[in-house]
Amino acid sequence: MPIQYYIYLCLALFSIGIIGVLTRRNAIVVFMCIELMLNAVNLLLVAFSKMHHGAALAIDSTTKAGIDGQLFVFFIMVVAAAEVSVGLAIIVMMYRNTHSVDINFLNRLKN
Amino acid sequence: MNAIIFSALAGVVMMYSGIITSKKTVIKYIAAIALVVLIAANLLQVYGIWQISVDTRDMLSFEKFGLVFNTLAFTATLIYVLLSGKEIENAGVNVAEYFALIFFVLCGVSILSSFNGLLMMFLGIEILTIPLYILTASDKRNLRSNEASLKYFLMGSFSTGIMLMGIALVYGATGSFALHTNAPVALSATGGIKASFLEVAGMILMFVSMAFKVSAAPFHFWTPDVYDGAPGVFTSFMATVVKAAGFIAFIRLFEGHTAILGPTWKILLAFVIVATLLIGNVTAVFQQSVKRMLSYSSIAQAGFMLFALYSSNDMAKEGLLLYSVAYSLATIGIFAVLIKLKDYAFDDFNGLGKTHPALAFATTVCLLSLAGIPLTGGFFAKYYMLASMVKEGGPLWLLIVAVLFAAVSVYYYFRVIQAMYFKEGTPSVQTEITSGFKAGMVLLAILIILLGIAPSLVLNLFYF
C-alpha cells in the first residue's frame with residue numbers, strides 16, 4: 001500500500017482531534033481528542049518507520065535503519081500516560097470544587 | 001550530563017526529605033544546598049574538571065552555550081528560592097514536593113539546553129511542563145488556580161500534539177530524528193536548497209508549537225490567564241527560568257535549519273515578532289493588576305527574545321544568555337516583593353518608598369531593568385538583541401518598531417514606580433519583611449546594576 005494512504009488517514013485522525021479540542025465543551029472529551037491527536041502521530045511514525053526500513057533493506061539486507069521511529073512511539077506512549085495521570089487529577093480537582101467538567105467554567109479569569 | 005543527573009537526583013532527595021522531616025524551613029535549606037551542589041556539579045563540567053560521561057549515542061551534545069545557560073538558570077533558581085522561599089513554604093502543605101517538582105523542571109531545562117535530536121527535545125519539553133501543571137494547580141481550593149492549571153494543561157498538551165505531528169512529518173521526509181545530520185537535501189536546478197513538502201510542513205508545525213510554549217503571538221492567549229491564576233511564587237518561576245529555557249530550545253531547534261524554509265521564514269518571524277511586541281505592550285498598558293501586567297510584559301519580553309531567533313548568529317546567542325539573566329533576575333525580584341503584598345493591584349504599592357525605602361529602591365532597579373534603561377542589565381540585553389539583528393542585515397523598520405515598543409513599555413513599568421514614590425498611602429504588606437529579605441533584594445539590585453555596567457561578566461563566561 002502506498003505511504004500516501006497512511007499519511008491521509010493520520011492527517012484525518014489528527015484533524016478530527018484538533019476539531020474536537022476546539023469545539024467540544026466537556027473537559028474529558030477534549031482530553032480524549034488530544035489523545036486521538038497523539039495516536040494519529042503514533043500511527044504515522046510507525047508507517048514512516050516501515051517505509052524507511054523497507055527502503056534501507058533494498059540497499060543492505062542487514063540494516064537496522066528506520067527502527068528509531070518505532071522507538072519514538074514508545075516514548076510518546078509513556079509521556080502520554082504521565083500526562084493523563086496529571087490531567088485527570090486536575091479534572092477531578094476541578095470537579096470537586098465546581099461539580100462540573102464543563103470548559104465554559106474557564107472564563108472567570110478573563111476579567 | 002552532570003546537570004541532568006544531579007537535578008533528577010536532587011528531586012528524589014527532596015521527595016524523601018518530606019518523609020524525614022516536616023519542618024518547612026529545614027526543607028527549604030535542603031533545597032538551597034541541593035541547588036548549590038547542582039551549580040557546583042555543572043561548573044565542574046563547564047571547566048572540564050570532572051563529569052559523568054554516558055554514551056548517549058549523539059542524542060545529547062554538551063556545548064559551552066548550553067552548559068553556561070544551565071549555570072545561569074540554576075543560579076537564578078537559587079536566588080528565587082532564597083528570596084521567595086518563605087512563600088513556597090506557605091503555598092500549601094506539600095512543601096517538599098514543590099521543591100522536588102522545581103528540581104524536575106530544572107532537569108528538563110538541562111535536557112533542553114543540550115538536546116541533539118528531536119526525541120530528546122520532546123522528552124525535555126515534557127519533563128519541563130508536566131511538573132509545571134502540578135505547580136500551577138498547587139492551590140487546590142482556589143478556583144482561579146484550578147482554572148489556570150486546566151487551561152495550561154489543555155493548551156500544553158494540545159501544542160505537544162502539534163509538535164509531535166511536526167516531528168513525525170520531518171521524520172518521514174528525512175528518515176532521522178537527528179538535528180544537525182539531516183539526510184542530504186536535494187539541490188534544485190536553480191541552486192537553492194529544495195526541501196520536500198513534508199519537511200517544510202513539519203518545521204512549520206514545530207514552529208507553531210514552540211511559539212505556543214514561549215507564548216509568542218498569535219499563540220499567546222493562554223499566558224495571561226495561566227500566569228494570573230497560578231500562585232504568585234510559581235508564576236515567578238514559570239515566567240523566568242522556564243521561559244528562558246523555552247527560548248534556548250527554540251534557537252537550538254531552528255539554528256541551521258532555516259535554510260529549508262527559505263526567505264519566507266524571515267517574513268513569518270518578523271510578523272510574529274511585531275505581533276508579540278504589539279499585543280504584549282499595548283495590552284499591558286490597560287491592566288489594573290500588577291501580576292497581570294507582568295504576565296503581559298512577559299509576552300512583550302518574549303517578543304524581544306525572538307530577535308535572537310531572527311538573527312541566530314553568535315551575537316544573538318550571547319545576547320540571549322544576557323537577556324535570560326537580566327530578565328529573570330528583574331522579574332524574580334519584582335515578584336518577590338509583589339507576593340508579600342495583600343492583593344496584586346497597583347494601589348498596593350502606594351507609599352512603599354516611604355515605609356520600605358530599601359525594597360522600593362530594589363523594585364525600582366528591577367523595573368528599570370525590564371524597561372531597558374541604561375546602567376541596568378536590561379539595557380544591554382535589549383541592545384544585544386537589536387544589534388545582532390542589524391548585524392544580520394535585518395530591516396530598519398523592524399528596529400524602529402522594537403525601539404518604539406520599548407518606549408511604550410516604560411509607561412506601564414513606571415506606573416509601579418509612580419505608585420511607590422509619588423502616591424500617598426500605606427502599602428498593604430502582608431507578611432513580615434525580614435532584614436535578610438531586604439539585604440537580598442538590595443544585593444539583587446546591585447547585581448542588576450553590575451550587569452548593566454559590565455555585561456562582559458556574563459559574556460566572558462561564554463567565551464572562557
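Let me sum up the structure you'll find in this document. Just so it is clear, the structure is predicted and the values come from calculations on it, not from any experiment.

Parameters at a glance
Residues numbered from 1 in each chain as written. Chains lettered and ligands numbered in written order. Predicted model: local features only at pLDDT ≥ 70, side-chain atom pairs only at ≥ 80, totals over all residues. Heavy atoms only, no water. Salt bridge = Lys/Arg side-chain N within 4 Å of Asp/Glu carboxyl O. Helix = DSSP H or I, 4+ residues; strand = E, 2+ residues; numbered from the N terminus. Buried < 20%, exposed > 50% of the residue type's maximum accessible area, 1.4 Å probe, protein only. Expected span 1.5 Å × (residues − 1). Phe/Tyr/Trp six-rings, centres within 6.5 Å; stacked < 30°, edge-to-face > 60°. Lys NZ or Arg CZ within 6 Å of the ring centre and 35° of its normal. Contact = heavy atoms within 4.5 Å.

**A look at the pattern of salt bridges**
All names here are of chain B.
Point 1. All told, the structure shown has 11 salt bridges over all chains when counted by the stated rule.
Point 2. With a closest N to O distance of 3.9 Å, Lys86 and Glu89 form a salt bridge. On the criterion of helical spacing, the pair formed by Lys86 and Glu89 is a turn pair, its members being three residues apart in helix H3 (residues 64-90).
Point 3. Owing to a relative accessible area of 43%, Lys86 belongs among the partly exposed residues under this scheme.

**Overview of helix H5 (residues 118-136) of chain B**
Point 1. Along its 19 residues, H5(B) runs 27 Å from first to last C-alpha, staying within 8% of the 27 Å computed at 1.5 Å per residue.
Point 2. A large share of H5(B) lies buried, amounting to 17 of its 19 residues.

**Some thoughts on the packing of aromatic side chains**
Point 1. Counted under the stated rule, the structure contains 25 aromatic pairs over all chains.
Point 2. With a centroid separation of 5.9 Å and an interplanar angle of 85°, the aromatic rings of B:Phe212 and B:Phe221 are classed as edge-to-face.
Point 3. For B:Phe212, a relative accessible area of 5% translates into the label buried.
Point 4. Every member of this aromatic cluster is reached through a ring pair, and the members are A:Phe31, B:Tyr133, B:Tyr152, B:Phe153, B:Trp222 and B:Tyr227.
Point 5. Looking at B:Lys28, its charged tip hangs above the ring of B:Tyr29, at a distance of 5.3 Å from the centre.
Point 6. Just above the ring of B:Phe346 sits the side chain of B:Arg415; from NZ or CZ to the centre is 4.0 Å.

**Examining the side chain of B:Ser209**
Point 1. Its location among the elements puts B:Ser209 in helix H7 (residues 197-213).
Point 2. Judged by its relative accessible area of 0%, B:Ser209 falls in the buried class.

**Re helix H15 (residues 357-371) of chain B**
Residue and element names in this part refer to chain B.
Point 1. Under the 1.5 Å per step criterion, the end-to-end length of H15 is 21 Å for 15 residues, consistent within 8% with the ideal 21 Å.
Point 2. With respect to burial, H15 is a largely interior element, 11 of its 15 residues being buried.
Point 3. Check the buried side of H15 and you find it contacts helix H12 (290-311), helix H13 (314-338), helix H14 (352-355), helix H16 (377-391), helix H17 (396-422) and helix H18 (435-453).
Point 4. A positive backbone phi angle near 85° is found at Gly372, which sits one or two residues after H15.

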